[in-house]
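Overview (structure and organization)
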Amino acid sequence: MTSWVRDPAFARDQPFGPQTLPYGVVDAGDGPRVAVRLGDHALTLPSIARHLGDLADLVSGPSLDPLLAATRADWSALRARLGSLVTQPSAPGGAALVPLSDVRMPLPFTVGDYVDFYSSRHHAENVGRIMRPDGDPLLPNWTHLPVGYHGRSGTVVVSGTPVERPHGQRRGKGGPHFGPSGRLDVEAEVGFVCGGPVARRVPTKSAAEHIFGVVLLNDWSARDIQGWEYQPLGPFLGKSFATSISAWVTPLDALATARIAVPDLGNPRLPYLEEDTPWGLDLRLSVEWNGTVVSRPQFADMSWSCAQQLAHMTVNGATVRPGDLFASGTVSGPQERQRGSFLELSWGGRDPVELADGETRTFLEDGDTVVITAQAPGEDGSVVGLAPVEGTVLPAVDL
């Protein structure tokens, strides 16, 4: 490949080469600007506005919000134009390329509604066996609909933001106890960033019109708080304190080669959940705990696709709007080291996880850092990257 971009990480065999081109917002000290990632650099798009024609207005502001509010045709046209500009021999006039080490990365878009699903059969069965050892690990509805709940968009934060240990009620002898969570956990997930016109009842065949791109997502979870409060209405304070997402949004178009069929459920799906083309994704995740890779979940194992989740989310007449975010649910596989939560890895705290430095963990301790990364197959043997999501646990505040 001949390109004016002199960055060894901007190559087709690297995650953030010309086959990926994720969007984000960077601030080099002169204010936030929309950018596209080229290897370990960011190209600010206002600097090449005159080369983008009418599409420049979509990326001239301080966030991705105008771009998300555009159409699939606009997204595809901008991606094609950028692909041409960054792979030509000479730099387009005015192009401002800055090292990622020199910029701050704010949350790239205004998060609207946030929905979290529960679409890994392996995760659901593991949790069921831990929580209900004498019962059926799967509840009767699980193979008939994408189980989910509405989360709190105001606590969605960008990768790198520290996460404070939350307080809440926990089950105790003689009644509930109040205090900091002692069973703080992660959930390795994939998030889908919505865009396009406001719509209701989005069929699976129209998913691409309303899903702009993909991020990695960590839905931090306080298991002891969750275990006391979640019956009968589901997650609340044990989940709503923080959800971290990648700073870069990988366009859905970049994952065309990674699309696969979802696994069979063992029973037919209702017609509104059937797909005319497959929307499962072959994503390979990695979870690091204080620098030790403790799990490698496979998104290909997920039983419900993003198209099916979006169809179910809107089938009752609820709207999907630009900036809405929905998450896959914890990504877990059939093997022990493919589990996407520490609840599963430690089997409810029974089996400590040993890290490379010799320390052991069951749940997160103050100062622990978790990094989730992922890649997908791209065209012609290339690799498509999803930007990492990272967070470090801070001690609980004194109340």
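Described in the following lines is the structure provided in the data block. Here the residue numbers are simple positions, counted from 1 along each chain's written sequence. pLDDT decides what is reported in this predicted model: residues at 70 or higher carry local features, side-chain atom pairs at 80 or more are listed and counted, and totals for whole chains, interfaces and linings draw on all residues regardless. Based on all heavy atoms of the structure, the side-chain values leave hydrogens and waters out of the count.

With respect to the overall build of the chain
- The helix and strand tally for the chain stands at 7 helices and 27 strands.
- Within these notes, the globule rule equals 2.2 Å times the number of residues to the 0.38 power, and the radius of gyration is based on C-alpha atoms. A compact globule built from 399 residues would reach a C-alpha radius of gyration of about 21 Å, and the chain, at 21 Å, matches this within 12%.
- Counting only C-alpha atoms, the chain reaches 70 × 50 × 35 Å along its principal axes.
- Accessibility here uses a 1.4 Å probe with only protein chains present; expressed as a share of the type maximum, an area under 20% marks a residue as buried, one over 50% as exposed, and anything in between as partly exposed. Scored against the burial criterion, the 399 residues of the chain give a buried share of 55%.
- Taking as baseline every contact in the chain between residues at least 6 positions apart, the subset at least 24 positions apart corresponds to 73%.
- For the chain, the accessible surface area stands at approximately 16300 Å², while carbon and sulfur atoms represent 51% of it.
- Note on charges: Lys and Arg go in the positive column, Asp and Glu in the negative column, and His and the chain ends are not counted at all. Note that the charge is assigned to NZ on lysines, CZ on arginines, CG on aspartates and CD on glutamates. Here the chain contributes 32 positive and 45 negative side-chain charges, whose respective centroids are spaced 3 Å apart. We count a stretch as a helix when DSSP gives it H or I for four or more residues in a row; a strand needs E for two or more, and each element gets its number in order from the N terminus. Working rule for contacts: check all heavy atoms of both residues, and any pair within 4.5 Å makes them a contact. Method for areas: the Shrake-Rupley scheme with a 1.4 Å probe, in which residue coverage is limited to the protein chains shown.

Looking at the sheet that holds strand E2 (residues 32-38)
- What makes two strands pair is DSSP finding at least two bridges between them. Taken together, the 4 strands give an open sheet; going across it, the order is E1-E2-E3-E4, and neighbouring strands pair in antiparallel fashion. Either end of the sheet is taken by a strand with one partner, and the two such strands are strand E1 (23-27) and strand E4 (96-99). For this sheet the average axis-to-axis angle between neighbouring strands, irrespective of direction, equals 45°.
- With 4 bridges connecting them, E2 and strand E3 (residues 41-44) associate as antiparallel partners. The partner of Val36 across the bridge, within E3, is Leu43. The convention used is that axes are lines fitted to C-alpha atoms, helices contributing only their stretch in contact, and that angles between N-to-C directions extend from 0 to 180 degrees.

A word on the pattern of salt bridges
- Throughout this description, the term salt bridge denotes a Lys or Arg side-chain nitrogen within 4 Å of a carboxyl oxygen of Asp or Glu. According to the stated counting rule, one finds 17 salt bridges in the structure shown.
- The shortest N-O distance in the salt bridge between Asp253 and Arg72 comes to 3.0 Å. Separated by 181 residues along the polypeptide, Asp253 in the loop between strand E17 (250-251) and strand E18 (259-260) and Arg72 in helix H2 (residues 72-86) bring together distant segments of the chain.
- Here Asp253 falls in the partly exposed class, since its relative accessible area comes to 30%.
- Residue classification places Arg72 among the buried positions, given a relative accessible area of 11%.
- Arg361 is the salt-bridge partner of Asp368, the closest N and O atoms lying 2.9 Å from each other. One exposure class covers both Asp368 and Arg361, and it is buried.
- The structure contains a network of salt bridges with shared partners spanning Asp185, Glu187, Asp219, Arg223 and Lys239.

Focus on the nonpolar core
- Core analysis: the biggest nonpolar cluster contains 53 residues, and Leu285 and Phe326 have the highest contact counts within it.
- When residues of this core are traced back to their parent elements, those giving at least two are strand E5 (114-117), strand E12 (188-194), strand E14 (211-218), strand E20 (284-289), helix H6 (306-314), helix H7 (342-345), strand E26 (369-377) and strand E27 (383-394).
- Once residues within four sequence positions are removed from consideration, Phe326 is found in contact with Val115, Phe117, Val190, Gly191, Phe192, Cys194, Ile211, Cys306, Gln309, Leu310 and Met313. We define a nonpolar core as any set of buried Ala, Val, Leu, Ile, Met, Phe, Trp, Tyr and Cys residues linked to one another through side-chain atoms lying within 4.5 Å.

Remarks on the packing of aromatic side chains
- By convention, a stacked pair of Phe, Tyr or Trp rings (six-membered ring in the case of Trp) has centres within 6.5 Å and planes under 30 degrees apart, an edge-to-face pair has planes over 60 apart, and any other such pair is tilted. On inspection of all chains with the given rule, the structure shows 6 aromatic pairs.
- A centroid spacing of 5.1 Å and a plane angle of 80° characterise the contact between Trp75 and Phe212, whose relative ring orientation is edge-to-face. One end of the pair, Trp75, is in helix H2; the other, Phe212, is in strand E14, and 137 residues separate them in sequence. As far as the burial class goes, Trp75 and Phe212 line up, both buried.
- Aromatic ring contacts, followed pair by pair, group Phe117, Phe192, Phe299 and Phe326 into a single cluster.
- Above the ring of Phe16, the side-chain terminus of Arg37 is found at 3.8 Å from the ring centroid. Placement of a positive charge over a ring is assigned whenever Lys NZ or Arg CZ falls within 6 Å of the ring centre and within 35 degrees of the normal to the ring plane.

Topic: the pairing of E14
- A large share of E14 lies buried, amounting to 8 of its 8 residues.
- Alignment of E12 against E14, held across 7 bridges, turns out to be antiparallel. Looking at the pairing, Val190 lines up with Leu216 of E14.
- In terms of strand pairing, E14 meets E17 through 2 bridges, oriented antiparallel. Its bridge partner lying in E17, Val214 is registered against Thr250.

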